[in-house]
Amino acid sequence: MIPVLDWSTYATDPESFTSDLGKACRDTGFFLLKGHGVPEDLIAGVFLQADGFFAKPDAEKQPLSISKNPHNRGWARIGSESLDDTSGQIDSKEAFNVGLDLPADDPRVLSKEPFRGVNVWPDQVGFRDTMLAYYDAVWKLGVDLHHAIAADLGLPADYFAEHFTAPLATLRILAYPEAKGTEGEIGAGAHTDYGSVTLLMTDGEAGLQVKPRGGDWTDVPHVPGAYVVNIGDCLMRWSNDIYVSTPHRVLPPRRRRRSVAFFLDPNPDSVIRALPGTGEAKYPPVTGADYLRSRLDATYTPDPVE
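Residues numbered from 1 in each chain as written. Predicted model: local features only at pLDDT ≥ 70, side-chain atom pairs only at ≥ 80, totals over all residues. Heavy atoms only, no water.

Chemist: I tried to follow the pairing of strand β7 (residues 197-202) on my own but got confused; where do I start?
Modeler: The two faces of the sheet receive side chains in turn, since in a regular strand these alternate between them. β7 sits mainly inside the fold: six of its six residues count as buried. Taking every second residue as pointing to the same face, both faces of β7 are buried, with Val197, Leu199 and Met201 on one and Thr198, Leu200 and Thr202 on the other. In this structure, β7 lies alongside strand β10 (residues 227-231), joined through four bridges in antiparallel fashion. Directly across from Leu200, in β10, lies its bridge partner Val228. Inspection of the sheet shows β7 paired to strand β12 (residues 257-264) by six bridges, in the antiparallel sense. (Buried < 20%, exposed > 50% of the residue type's maximum accessible area, 1.4 Å probe, protein only. Helix = DSSP H or I, 4+ residues; strand = E, 2+ residues; numbered from the N terminus. Pairing = 2+ DSSP bridges.)

Pasting the structure below:
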């Protein structure tokens, strides 16, 4: 149900890879990607830095709270998010977000453009350098993957390139505590992702499930070293529903679960409208920034009053 694709074959047999990609994007909207070229030691370094950060006491992490940051950067405490905004379930996870790294004197920062702030960093040796090296590596992978997406949709290979030059991409490290067994407990509620594609690396602990159209919740298999890639809502809108952005969730894990997600959203001023050749538009045009804001506003709950 969820195919395994090998990115390294795109260089030698692009037509075959593109065909397999197109089938996955139209069917479940999920696939596993091996042969991606992101160094194993860099991935391991991200997990190591994430473990070090999440082991800190909440009082030390609180100054970096995402609730104090209008640009979707920083620490999200356990219980601060509800990805399933219809069930009332509160997610049992904590996270830390890193965005496009901009200096404080960047004109976009000074003019307070949406989601154009500076990153916040913990006092932890190696954290910043590791996260930014990983951000750049997976950003490149995501942009390159859009060459195959464009080919599958009958567009020039570089069609999407201009939309990811300074993207609203977010690197998010996550930690899910082991299940407590309480009623209604959920790791991450059922949701679809907001952007174009998501590239997720996990530690292998089970919990991620996908709900394909007309089907029931299905476990996403783990292939060591492979990314779980899924289509987000922006790309579904772009493709005029040719591609599917599929609901997924994370069940409370039996043991502590860690993952590293890279959400590749387009540039803030990119206008998401039905691609050429996809028929009458099913959605009104929307900018990347406006769409992201509408989705984030429905996700977060305020920090408790101290």
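Chemist: Please explain the nonpolar core as it appears in this structure.
Modeler: Most often, soluble globular proteins have nonpolar side chains that are buried together. Within the largest apolar cluster, 86 residues are counted, with the highest numbers of intra-cluster contacts made by Tyr134, Phe160 and Tyr227. Residues contacting Tyr134, with those up to four places away along its chain left out, are Val38, Leu42, Ile43, Val46, Leu171, Met201, Tyr227 and Val260. (Core = buried A, V, L, I, M, F, W, Y, C linked by side-chain atoms within 4.5 Å. Contact = heavy atoms within 4.5 Å.)

Chemist: Would you mind going over the environment of Arg249 with me for this structure?
Modeler: The topology assignment puts Arg249 in strand β11 (residues 248-250). Taking the C-alpha atoms as reference, Arg249 lies 5.4 Å from Gln209; in sequence the two are 40 residues apart. If we ignore the near neighbours within four places in the chain, the residues touching Arg249 are Ile186, Ala188, Gly189, Ala190, Gly207, Leu208, Gln209 and Trp217. Separated by 2.8 Å, the side chains of Arg249 and Gln209 make a polar contact. (Polar contact = N/O pair within 3.5 Å; in protein donor to acceptor, adjacent residues only side chain to side chain.)

Chemist: Teacher, can you tell me more about the sheet that holds strand β4 (residues 94-98) here?
Modeler: Strand pairing in a sheet relies on backbone hydrogen bonds. The paired strands run either parallel or antiparallel. Pairing within the open sheet is mixed, and its eight strands lie in the order β1-β2-β10-β7-β12-β5-β4-β3. This sheet does not close on itself; its edge strands, each paired only once, are β1 (4-6) and β3 (74-76). With direction set aside, neighbouring strand axes in the sheet form an average angle of 25°. Judged from the three bridges that link them, β3 and β4 form a sheet pairing that is antiparallel. Across the sheet, the residue bridging to Ala76 is Ala95, located in β4. Of the strands in this sheet, β1, β2 (30-34) and β10 are in contact with helix α1 (residues 14-27), which crosses β2 at around 145°. (Axes fitted to C-alpha atoms, helices over the stretch in contact; angles between N-to-C directions.)

Chemist: Explanation requested: empty space enclosed by the protein in the structure shown.
Modeler: To find leftover empty space, a probe the size of one water molecule is rolled over the atoms. This structure, assessed with the given rule, holds three cavities of 30 Å³ or more. Forming the boundary of the largest cavity are 33 residues, of which Leu83, Arg172, His191, Asp193 and Phe263 lie nearest the centre. Mapped by element, the contributors of at least two residues to the lining of the largest cavity are β5 (170-176), β6 (188-191), β7, β10, β11, β12 and α7 (288-297). Classifying every residue of the lining of the largest cavity by side-chain character gives 16 nonpolar, 10 polar and seven charged. For the second largest cavity, the calculated volume is near 70 Å³. His71, Asn72, Arg73, Gly99, Leu100, Phe115, Arg116, Pro167, Leu168, Ala169, Thr170 and Leu292 together form the lining of the second largest cavity. Split into classes, the residues belonging to the lining of the second largest cavity amount to six nonpolar, four polar and two charged. (1 Å grid on protein atoms, 1.4 Å probe; cavity = no way out; pocket = protein on both sides within 12 Å on 5 of 7 lines; lining within 4 Å. Points joined across faces, edges and corners; volume = space filled by probe spheres on them. Nonpolar A, V, L, I, M, F, W, Y, C, P; charged D, E, K, R; others polar.)

Chemist: Help me understand the packing of helix α2 (residues 40-54) against helix α5 (residues 127-152) in this model?
Modeler: Here α2 crosses α5 at 135°, and the two axes come no closer than 9 Å. Here α2 is positioned oblique relative to α5, judged by the angle of their axes. α5 is crossed by α2, and the crossing has left-handed handedness. Mapping the contact onto sequence places Leu42, Ile43, Gly45, Val46, Gln49, Ala50 and Phe53 in α2 and Phe127, Thr130, Met131, Ala133, Tyr134 and Ala137 in α5. (Parallel < 35°, antiparallel > 145°, perpendicular 65-115°, else oblique. Left-handed = near helix turned anticlockwise from the far one by under 90°.)

Chemist: Is there a simple way to explain the layout of surface pockets in this structure?
Modeler: In this model, the second largest pocket occupies a volume close to 160 Å³. For the second largest pocket, the full set of lining residues is His36, Val38, Glu40, Ile43, Ala44, Phe47, Met201, Thr202, His222 and Gly225. Where the lining of the second largest pocket is concerned, the elements lending two or more residues are α2 and β7. Residue contributions to the lining of the second largest pocket peak at four residues, all from α2. Each residue belonging to the lining of the second largest pocket can be placed in one class, and the counts come to five nonpolar, four polar and one charged.

Chemist: In this structure, what is going on with the environment of Ala104? I would like to understand it.
Modeler: The topology assignment puts Ala104 in the loop between β4 and α4 (107-110). Look at Ala104 and you get exposed, because its relative accessible area is 55%. Sequence separation between Ala104 and Val118 is 14 residues; the distance between their C-alpha atoms is 6.1 Å. Once residues lying within four places of it in the same chain are set aside, the contact partners of Ala104 are Val109, Leu110 and Val118.

Chemist: Before we go on, may I ask you to explain the side chain of Arg258 in this structure?
Modeler: Within the secondary structure layout, Arg258 lies in strand β12. Among the polar contacts listed, one links the side chain of Arg258 to the side chain of Asp51, at a separation of 2.9 Å. Apart from the residues within four sequence positions on either side, Arg258 is in contact with Phe47, Asp51, Leu174, Thr202 and Asp203.

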